[in-house]
Amino acid sequence: MAKLKIVLYKSKKLKDGRHPLMVRIAHKNKTKYVATGFSAHPDEWVNDQLSNEYKKNHKLTGPEFEKVKATLRAKHDEVFDLSQGALITGKGTKVDKIINKLKKDEVILTFDQLTQKVINECKSLGRFKTAQCYDTMLCRFREFYGKIDEPDTDKRKELRNKVAIDFSSINYSFLKDFDTWHKKKGNQENSLAVYMRHARAIYNRAIMEGMVSRESYPYGRGKYQIKTKAPKKRAISKDVFKAIEDLPSEMINLGLLEARNYVLFSFYMRGMNFIDIAYLKVKNIKGDRVIYKRLKTNKELDIKILPEAQKILDNYLPGKDTEDYIFPILKGGSPEKVRADEANALKVFNKNMNRLAELVGYKDRITSYTVRHSWATIAKRIGIPLAAISDSLSHSSTDITQAYLDSIEKDELDKANELITA
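Keep in mind that this is a model prediction, so the values were computed, not measured.

A separate point is the pattern of salt bridges. Any two side chains of opposite charge can pair, on the condition that their charged atoms come close. With the rule as written, the count across this model stands at 21 salt bridges. In this structure, D246 engages K242 in a salt bridge whose closest nitrogen and oxygen atoms are separated by 3.8 Å. D246 sits in the partly exposed class, given a relative accessible area of 47%. Judged by its relative accessible area of 45%, K242 is partly exposed. Members of the salt-bridge network, linked through shared partners, are R140, E143, R156 and R160.

This paragraph deals with the pairing of strand β2 (residues 19-27). With seven of nine residues buried, β2 lies mostly within the body of the structure. Bridge analysis of strand β1 (residues 3-8) against β2 gives six bridges, and the strand direction is antiparallel. Paired with V7 across the bridge in β2 is M22.

Membership of the largest hydrophobic core comes to 51 residues, with the highest contact counts inside it found for F265, F267, M269, M272, L280, F327 and I329. It is helix α10 (residues 254-268) that provides the largest number of residues to this core, a total of eight residues. When neighbours within four sequence positions are excluded, F267 is seen to be in contact with K238, F241, V371, W375, I378, N417, I420 and T421. With 33 residues, the next largest nonpolar core counts L109, Y134, F178 and Y203 among its residues.

Turning our attention to the packing of α10 against helix α14 (residues 368-381). Packing of α10 against α14 leaves a shortest axis separation of 9 Å and a crossing angle of 35°. Judged by the twist between their axes, the crossing of α10 over α14 is right-handed. Touching V263, S266 and F267 of α10 are V371, W375 and I378, all from α14. Class assignment for the residues of the contact of α10 with α14 results in five nonpolar, one polar and no charged.

This paragraph deals with the environment of Q310. Considering the arrangement of structural elements, one finds Q310 in helix α12 (residues 307-313). According to the relative accessible area criterion, Q310 is partly exposed, its value standing at 28%.

Here the focus is the packing of helix α5 (residues 128-145) against helix α8 (residues 189-208). Two numbers describe how α5 lies on α8: the axes approach to 9 Å, and their chain directions differ by 95°. When the interaxial angle is binned, α5 and α8 end up roughly perpendicular. Taking contact as the criterion, the partners of C133, Y134, T136, M137, R140 and F141 in α5 are, on α8, Y195, M196, H198, A199, A201 and I202. Taken together, the residues that form the contact of α5 with α8 break down as nine nonpolar, two polar and one charged.

Moving on to the packing of aromatic side chains. According to the stated counting rule, one finds 24 aromatic pairs in the structure shown. Relative to F174, the ring of Y145 has its centre 5.9 Å away and its plane inclined at 50°; by these criteria the two rings are tilted. Remark: F174 occurs in helix α7 (residues 172-184) and Y145 occurs in helix α5; sequence separation between them is 29 residues. Residue classification places F174 among the buried positions, given a relative accessible area of 5%. Over the face of the ring belonging to Y325 we find K281, whose NZ or CZ atom lies 5.3 Å from the ring centre.

Calculation criteria
Along every chain, residues carry numbers that run from 1 in the direction the sequence is written. The predicted origin of the model limits local features to residues at a pLDDT of at least 70 and limits the giving and counting of side-chain atom pairs to 80 or more, whereas totals for whole chains, interfaces and linings rest on all residues. Water and hydrogen atoms were dropped before computing side-chain values, which therefore reflect all heavy atoms in the structure. For this analysis, a salt bridge means a side-chain nitrogen from Lys or Arg found within 4 Å of a carboxyl oxygen belonging to Asp or Glu. Exposure categories follow from relative accessible area, calculated using a 1.4 Å probe and restricted to protein chains: below 20% of the type maximum is buried, above 50% is exposed, and the middle band is partly exposed. To qualify as a helix, a DSSP run of H or I must reach at least 4 residues; to qualify as a strand, a run of E must reach at least 2; elements of each kind are numbered from the N terminus. At least two DSSP bridges between two strands are required for those strands to pair. Buried residues of nine kinds, namely Ala, Val, Leu, Ile, Met, Phe, Trp, Tyr and Cys, make up a nonpolar core once their side-chain atoms join them within 4.5 Å. In what follows, residue pairs with any heavy atoms lying within 4.5 Å of each other are defined as contacts. Fitting a line to C-alpha atoms yields each axis, with helices limited to the stretch in contact; the angle taken between N-to-C directions then spans 0 to 180 degrees. Left-handed is the label given to a crossing in which the near helix is rotated counterclockwise from the far helix by less than a right angle, and right-handed is the label when the rotation is clockwise. Under the scheme applied here, ten amino acids are nonpolar (Ala, Val, Leu, Ile, Met, Phe, Trp, Tyr, Cys and Pro), four are charged (Asp, Glu, Lys and Arg), and all others, including Gly, are polar. For classification purposes, an angle smaller than 35 degrees is called roughly parallel, one larger than 145 roughly antiparallel, one from 65 to 115 roughly perpendicular, and anything else oblique. Only Phe, Tyr and Trp rings take part, Trp by its six-membered ring, and two of them pair if their centres are within 6.5 Å. Stacked means planes under 30 degrees apart, edge-to-face means over 60, and tilted covers everything else. Each ring is checked for a lysine NZ or an arginine CZ that lies within 6 Å of its centre and within 35 degrees of its normal; such an atom marks a charge sitting over the ring.

Below is the structure:
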């Protein structure tokens, strides 16, 4: 019987100092190695498995790290099955046959195929927003590579799906030309950065799985570098919120009325994110408080319901069960359907929010996050401790802002909220 083991093949050293991870097959004084497509430093391979150093050095999330380990196990099991299955003859396992069979069955995916594989993995893990980001990047890459300029949505989708992109095509020239193509369409630098980061993640995955070499990597110093601009964060004054609240009913339709309720509810609830508002259920209300977990960070928040917020809730709560959504934003259904509702609702909300702002004389473009920024800015101006609210609007992530908010005692936050919204 052949003996199999995944080993760090120290006889070969890659340019980055790592060694390949190989499946070692030993049988009848004969040893062969099968590449797994992964490599590691000695401190990344401890006790015959990948260590947390590997996760840290490759900047992997928990699920991504588990996926890498699962892929390694799958490669080991594939070799084991072949050694115990059809290739076992009366004379014993033929090691060379195993190697040849593996090489014959090995599939090298194209860039678009690997991206689709990652999309499917994300969906299976319930990470639908991440899957959507990868899908959008792939759509834009295919439109650029296939020179698709079809105005009809269905025809454009049909043409996109016929475009295949090899990894050999993803080079510096491709990325630079895509950069120019994207900007000529009037799109923003930051949306380009999002596409490029997701494409880079796919390329890194291909390197880890042995589909492409590190030498062909098109990103980094002296190659294509991803650039971002710090987004201009706007904050509106309490007077603007008051003016929106006081808009006469005859000036706004039902869509604007709903948007006004969401704007004001967000403000009264410490700048609650629109998507978190969408997912609020009746069961999240505990007495005079709303207790929920932020979708983005999974951190629990406990917020006192101010009288102004309660008035808004009173319009939506009657007749609803504990598992019902409070606001008529999401319709329910499959996870994909809910995510689609979420994206569409956010788009409509931002449009209606800007319309409300125009009606009260505010001309700058705003988004759902403007309420959050405004709450933090007003907090700073009225003297809420800087360590609590901070000058966080200069941070690159709202998670950092939330981390500051989480550090304050609940009662202090309730008091701060009453001061801010008074």
